[in-house]
Amino acid sequence: MMKNENRDYLCQADALDHLRSENTRLKQENAHTTSLNRKLRENLEACEKRNLSAQTVRRDEQTLRLAELIIDKSPAILFRRRAAEELKQRTMVYVSPNISRFGYKAEDFLSGKMMFRDIIFPEDGARLTEEINTNVRNNNASYTQIYRIVTSKGEVRWIEDQTSVVVDDLTGDRYHQGIVIDINERKEAEENLRKSEEKYRRIVETAGEGFLLLDRELNIVDLNSAYVRMVGGKREELIGRNPFEAANNGYKQFWSTGGEEDSRRVYREFECEIKDEGGRAVPVLVHANTLRSDSGEVIGNMAFVTDMTEQKKALSLAGEVQRSLLPDHAPVIKGFDIAGRNIPCDEVGGDYFDYLWDGRTEQPRFSVVVGDISGHGVDSALLMSSARAFLRMRASQPGSVLDIVTAMNRHLTEDVSDSGHFMTLFYLTLDKGQNRFEWIRAGHDPAWLYNPAADRFEELKGPGLALGIHQGFSYQVQQRSDLTPGQIIMVGTDGIWEACNQYGEMFGKERIKQIIRRNAAASAEAILNQVIEEQALFCQGTRSEDDVTLVVVKITG
């Protein structure tokens, strides 16, 4: 029985040892498995990190490409340059490729082939350099500059330069970096706005002029005190009136309330007369604009009205002085019947005529001069007076007709070369003793020679440039030796035949020839009067736009 118990005990011990051995093996296998699992997890984590890193790289590349695309399409150009004391050391270390919008390559700046200051507008260079130096000395962290650059095509553009000062953490080097923005359109808009504001301020500040706000029928909606002072009365009494209805009809050819053509007009400038409260005619200059809605519909008008009373007085006095410089009567010279007249379209004019002779009535030789200064008005009148003085002075000295005209041209060119003015001239000299006449035509319309016996008109032509254009021009004298009694010579300015009637039809040269032909037997004065009268009758109802000058010379026995 003991043996059996012993055997059972040994069997149990063996089983326990086996279990212990198996447990140890399982622990070892578990530890190995755990180690493999840990390595797998580590490998898996490493793979995940590598995948995440690759994704990050791809995402960063996409972000970089997107940033480059945005920069390329952006008006802002990025830059970084060294913040050195010396100009030559302020080199670029980065310029965004979109510098190409100005026609330049980024690599040219990075390689040192170009410096940014090379493209700065010359007039801005010194100012910018001083501003940069000041900011560097003051250690300013950021600053903004506005200046102009010149593109590769030579176009000048405004830019805004926003600069910040940064320090490289690794090297300690200082850099200026930031953006450059094209603000040319903004500057143009600002400039236009500035000009508009200045114009508005000038209008307000010069409110000595009358101001009218009118409806479509030209009735007053609003007005300023200057206009009230001009015409008298009370403000509330003037509201609703048409300021032009009691005036002369001169304004109607510039401003009416009907007609398609008139409705398209925006700006008008004209002179007319208005009536004050006492019935006195007040000469005024009107600057008017048509007002339209956003849809283009006419909603009213505005006008600035200037009282021209004092100016008209001054011009009237100037006109009297100018008329005193013109011949007040024709010379009495044996063998000639002479008449001349000047009619300015304004108070003063730019036409000129004169008679030149030595004052002896028995001397059958004299000259007729007719000139026309470009334009008309005060400036033309002043130039005419100067030309007359010089011509008379030079004609009183020895010399031929050619010498006189050549000297006249030289003098006028020096006087008017910068003004754009010039003077046409017809210089005619007649010598009855030799039945001879000669002339120079300096850009003027040819004179007419009418022979009643043959009923033939001839133009006294000849080459010649207007005076005051080319100082060294060589003029040519034209001559004829066939003066005979009864012939009529007419010299005039284009204000006669270019005058128009209310239908836009010109008076024309043919009408003048017909008048001369019908009145060939009459005196020179009668012929001249008939031309002036018929021209005035033809143009009745329209304002003359040019001066009129006419000289008639009839050859007598």
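Predicted, not measured: the structure shown is a model, and the values here were computed from it.

**Q** Outline the overall build of the protein chain, supporting the account with residue identities and numerical values.
**A** What the protein chain contains, in helices and strands, is twelve helices and 20 strands. Taking all 557 residues of the protein chain together, 39% fall into the buried category. Across the protein chain, every contact between residues at least 6 apart in sequence was considered, and the portion connecting residues at least 24 apart equals 58%.

**Q** An account of the sheet that holds strand β11 (residues 336-343) is requested, with residue identities and associated values reported.
**A** If you trace the five strands from one edge of the open sheet to the other, you get β11-β20-β19-β16-β17, paired in antiparallel fashion. Both outer strands of the open sheet, β11 and β17 (456-460), are each paired with one neighbouring strand and no more. Averaged over all neighbouring strand pairs, the angle between strand axes comes to 15°, with direction disregarded. The sheet contacts of helix α12 (residues 524-538) involve β11, β19 (488-492) and β20 (548-555), and relative to β11 the element is tilted by about 30°.

**Q** Lay out empty space enclosed by the protein with the relevant residues and their values.
**A** Evaluation of the coordinates by the stated rule reveals one cavity of 30 Å³ or more. Of the voids in this model, the largest cavity is the one considered here, and its volume is about 40 Å³. Forming the walls of the largest cavity are Ile 77, Phe 79, Val 95, Ile 99, Phe 102, Phe 116 and Val 180.

**Q** Explain the confidence of the model for the protein chain to me, using residue names and the numbers behind them.
**A** On average, residues of the protein chain score 82 in pLDDT, and 81% of them reach the 70 mark or higher. A low-confidence stretch, residues 1-6 stays under pLDDT 50, and its non-local contacts, those more than four residues away or across chains, total zero contacts. Across residues 257-263, where pLDDT falls below 50, the model places ten contacts with residues more than four positions away in sequence or in other chains.

**Q** Could you give an account of the nonpolar core, with specific residues and numbers?
**A** Phe 366, Met 423, Leu 430, Leu 467 and Val 553 are the most contacted members of the largest nonpolar core, which totals 46 residues. Counting residues per element, this core draws most heavily on helix α10 (residues 401-416), which supplies seven residues. By size, the runner-up hydrophobic cluster in this structure holds 24 residues, among which are Phe 457, Ile 496, Val 531 and Val 552.

**Q** Break down the environment of Phe 304 for me, citing the residues and quoting the values.
**A** Tracing the backbone through its elements, the reader meets Phe 304 in strand β10 (residues 298-307). What makes Phe 304 buried here is its relative accessible area of 17%. Sequence-wise, Phe 304 and Val 284 are 20 residues apart; in three dimensions their C-alpha atoms are separated by 9.8 Å.

**Q** Got a sec to walk through the packing of helix α9 (residues 378-395) against α10? Specific residues and values, please.
**A** Think of two packed helices as two axes; the pair is described by the angle between the axes and how far apart they sit. Relative to each other, α9 and α10 sit at 145°, their axes nearing to 10 Å. When you trace α9 past α10, the crossing you get is right-handed. Packed against α9, whose contacting residues are Leu 383, Ser 386, Ala 387, Phe 390, Leu 391, Arg 394 and Ala 395, the element α10 presents Asp 403, Ile 404, Ala 407, Met 408, His 411, Leu 412, Asp 415 and Val 416 at the interface. Classifying every residue of the contact of α9 with α10 by side-chain character gives ten nonpolar, two polar and three charged.

What counts, and at which threshold
- Residues numbered from 1 in each chain as written.
- Predicted model: local features only at pLDDT ≥ 70, side-chain atom pairs only at ≥ 80, totals over all residues.
- Heavy atoms only, no water.
- Helix = DSSP H or I, 4+ residues; strand = E, 2+ residues; numbered from the N terminus.
- Buried < 20%, exposed > 50% of the residue type's maximum accessible area, 1.4 Å probe, protein only.
- Contact = heavy atoms within 4.5 Å.
- Pairing = 2+ DSSP bridges.
- Axes fitted to C-alpha atoms, helices over the stretch in contact; angles between N-to-C directions.
- 1 Å grid on protein atoms, 1.4 Å probe; cavity = no way out; pocket = protein on both sides within 12 Å on 5 of 7 lines; lining within 4 Å.
- Points joined across faces, edges and corners; volume = space filled by probe spheres on them.
- pLDDT = per-residue confidence, 0-100.
- Core = buried A, V, L, I, M, F, W, Y, C linked by side-chain atoms within 4.5 Å.
- Left-handed = near helix turned anticlockwise from the far one by under 90°.
- Nonpolar A, V, L, I, M, F, W, Y, C, P; charged D, E, K, R; others polar.

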